[in-house]
Amino acid sequence: MAIQSPEGTFDLLPDEAEFWARFKATAAEVFGRYGYVTIETPIVERTELFVRGIGEATDVVSKEMFTAISGENLKRLTDGGSVKSSSRLSLRPEGTAGVVRAVVQHDLVPQGAAPAKLMYAGQMFRAERPQKGRQRQFNQVGIECLGAEAPSVDAEGIIMLMRFFEAVGIPVSATRLLVNSMGCEECRPAYREAVRAYMAEHETQLCEECLRRADINPLRAFDCKNERCRAVMDSAPKITDHLCDSCRDHYEAVKAYLDAAGLTYIEDHKLVRGLDYYTRTVFEVQVTEGMGSQNAIGGGGRYDKLAQEVGGRATPGFGFALGFERCVLALRAAGVEFPRAGTCDLFVACAGDEARPQAFALVQAVRDAGRAAEQDHQARSLKSQFKLANKLGARYVITLGSDELVTGTAVLRNMETHEETPVDLADVSAIVAALE
Ligand code: AMP
């Protein structure tokens, strides 16, 4: 059997790749209005960045990271040796840690400076069990705003994400926006204890995985897919009843901004998200129909301690990421037609081989004049050249045969209206102008 792509990875075939390019362009356009500029960080980072930034006990770091290793280091390991910790590399499972690392490394937010508003787009890698909407390599678009802790940053980011979904064809009415606050290092420890105590009271009803994690991070139980655990955690203490005054004020202000913008949201006290770095605001956008369990198309939140975790000075941050492939599934479920990759303004067909050199020259000249042109390269019959022109979506066709070579004129056929216009083959600019 021919070699297949690795498990959980997919090719973006031309129509989808074209959509990915447009998706990124739309993101740059929408986010640009909010002051975001592009940053590109490496796909591979030192493993310790993710361990310190995302958290050692998270699923993403403890189970799902792909290690990248050079041939030399692999040999060292198989020979029983070890590799320096700075040589331990992982493929990025998400974009935030790398962007925050770059902000700290290049001092992009000097003290007192305006916030850095950064956006990125690219592949992420997680060794998850593949299923529909859950891949091992997937594409995300994301933003990070570093240097401001005002709730207006969070609200602006959430509104911007919803505007982006609208712009790519996912209406707000097809989504549900969940929000919550995770509190901060002042109020979360006591809350965590309250959840742990609640779980201990209900330990006979919880799954082993939840009980095992109860000590390290009891809040993970809110994410458990087990129905019994979900029912138990529905009545668990709510973080919003345990927030300190400043976290409560921050959360109330975020919601007030969202209310003022007319955005509908659901407060979900079970929304904790899988990464350790979140403080205060967390949110997720889900598609309401046709997506099964992998219905989250984007999410994020505030991470005011992350810059310090990776060795920088205290720099508050807020960000989100959205999954391209999940958006494609959402659009497909909604029956949206995808744009076709490639364009063809003019197809030059040949009635007989003698016209080929002239067809070749005309196609080159039209391309040089900035238009997409194509011809047959497989000695097809005239009939199948017309079929090809149709398949390519050619807007116009010129057919060259012995008559056209003699007279130096041909007919330009508009494939939509079937209108025919005589053209002078020597006057390429007139032909190009007629393609408008
Ligand atoms: P997360 O960092 O897990 O919040 O991911 C942000 C977004 O990326 C999610 O809402 C999904 O749309 C997408 N995403 C996360 N993990 C995967 C995956 N394994 N496969 C496809 N998309 C994913």
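Residues numbered from 1 in each chain as written. Predicted model: local features only at pLDDT ≥ 70, side-chain atom pairs only at ≥ 80, totals over all residues. Heavy atoms only, no water.

Student: Any chance you could break down the environment of Glu209 for me, citing the residues and the numbers?
Tutor: Position of Glu209 among the secondary structure elements: in helix α8 (residues 208-214). With relative accessibility at 28%, the residue Glu209 sits in the partly exposed group. Linking Glu209 and Phe50, residues 159 residues apart in sequence, is a C-alpha distance of 23 Å. (Helix = DSSP H or I, 4+ residues; strand = E, 2+ residues; numbered from the N terminus. Buried < 20%, exposed > 50% of the residue type's maximum accessible area, 1.4 Å probe, protein only.)

Student: If you had to explain the domain arrangement of the protein chain to someone new, which residues and values would you point to?
Tutor: Domain annotation of the protein chain identifies domain 1 (14-187 + 243-333) and domain 2 (346-434). Spacing between the C-alpha centres of domain 1 and domain 2 amounts to 49 Å. (Domains from an automatic or database assignment.)

Student: Please give an account of the sheet that holds strand β11 (residues 317-323) that cites residues and values.
Tutor: Taken together, eight strands build an open sheet; the order of strands is β1-β5-β6-β11-β10-β9-β7-β8 and the sheet is mixed. Only two strands of the sheet have a single neighbouring strand rather than two, namely β1 (37-38) and β8 (266-267). Examined bridge by bridge, strand β6 (residues 137-146) and β11 share seven bridges and lie antiparallel to one another. Counted as the bridge partner of Gln140 is Gly323 from β11. (Pairing = 2+ DSSP bridges.)

Student: Quick rundown of the pairing of β6? Include the residues and the values.
Tutor: Among the 10 residues of β6, nine are classified as buried, and the element is accordingly described as predominantly covered. In the sheet, strand β5 (residues 116-125) pairs with β6 via 10 bridges, with the strands oriented antiparallel. Residue pairing in the sheet places Gln123 in a bridge with Asn139 of β6.

Student: For the pattern of salt bridges, give the residues involved together with the corresponding values.
Tutor: Under the counting rule described, the total for this entry stands at 35 salt bridges. Of the charged contacts in the structure, one is a salt bridge between Asp304 and Arg302, with a shortest N-O distance of 2.8 Å. For the pair Asp304 and Arg302, one class covers both residues: buried. Linking Arg371 and Asp345 is a salt bridge whose minimum nitrogen-to-oxygen distance equals 3.6 Å. Here the residue Arg371 occupies a position in the loop between α13 (356-368) and β13 (373-375), and Asp345 occupies one in the loop between α12 (324-333) and β12 (346-350), the gap between them amounting to 26 residues. Each of Asp59, Lys63, Glu209, Arg212 and Arg213 takes part in one network of salt bridges that share partners. (Salt bridge = Lys/Arg side-chain N within 4 Å of Asp/Glu carboxyl O.)

Student: Now, about the sheet that holds β12: what can you tell me, with residues and values included?
Tutor: To summarise the sheet geometry, strands pair through backbone hydrogen bonds and adopt either a parallel or an antiparallel arrangement. With respect to topology, five strands assemble into an open sheet ordered β13-β12-β14-β15-β16, the strand pairing being mixed. Among the strands making up the open sheet, the edge pair consists of β13 and β16 (420-424). The mean angle between the axes of side-by-side strands here comes to 25 degrees, regardless of whether they run parallel or antiparallel. Bridge count between β12 and β13: three bridges; the pairing is parallel. Note on β13: the bridge partner recorded for Val348 is Gln375. Strands in contact with α13 are β12, β13 and β14 (396-400); relative to β13, the strand with the most contacts, it is inclined by about 160 degrees. Relative to β12, helix α14 (residues 382-391) is tilted by about 170 degrees, and along the sheet it contacts β12 and β14. (Axes fitted to C-alpha atoms, helices over the stretch in contact; angles between N-to-C directions. Contact = heavy atoms within 4.5 Å.)

Student: Account for the packing of aromatic side chains, with residues named and values stated.
Tutor: Taken as a whole and assessed by the stated rule, the structure comprises 14 aromatic pairs. With 6.0 Å between their ring centres and 10 degrees between their planes, Phe283 and Phe318 make a pair best called stacked. Here Phe283 is found in strand β9 (residues 279-287), whereas its partner Phe318 is found in strand β11, with 35 residues between them in sequence. This pair shows no difference in class: Phe283 is buried, exactly as Phe318 is. Judged by centre distance (6.3 Å) and plane angle (80 degrees), the ring pair of Phe283 and Phe320 falls under edge-to-face. Residue Phe283 is found in strand β9, and its partner Phe320 is found in strand β11; the two are separated by 37 residues along the sequence. Pair check on accessibility: Phe283 and Phe320 agree, each one buried. (Phe/Tyr/Trp six-rings, centres within 6.5 Å; stacked < 30°, edge-to-face > 60°.)

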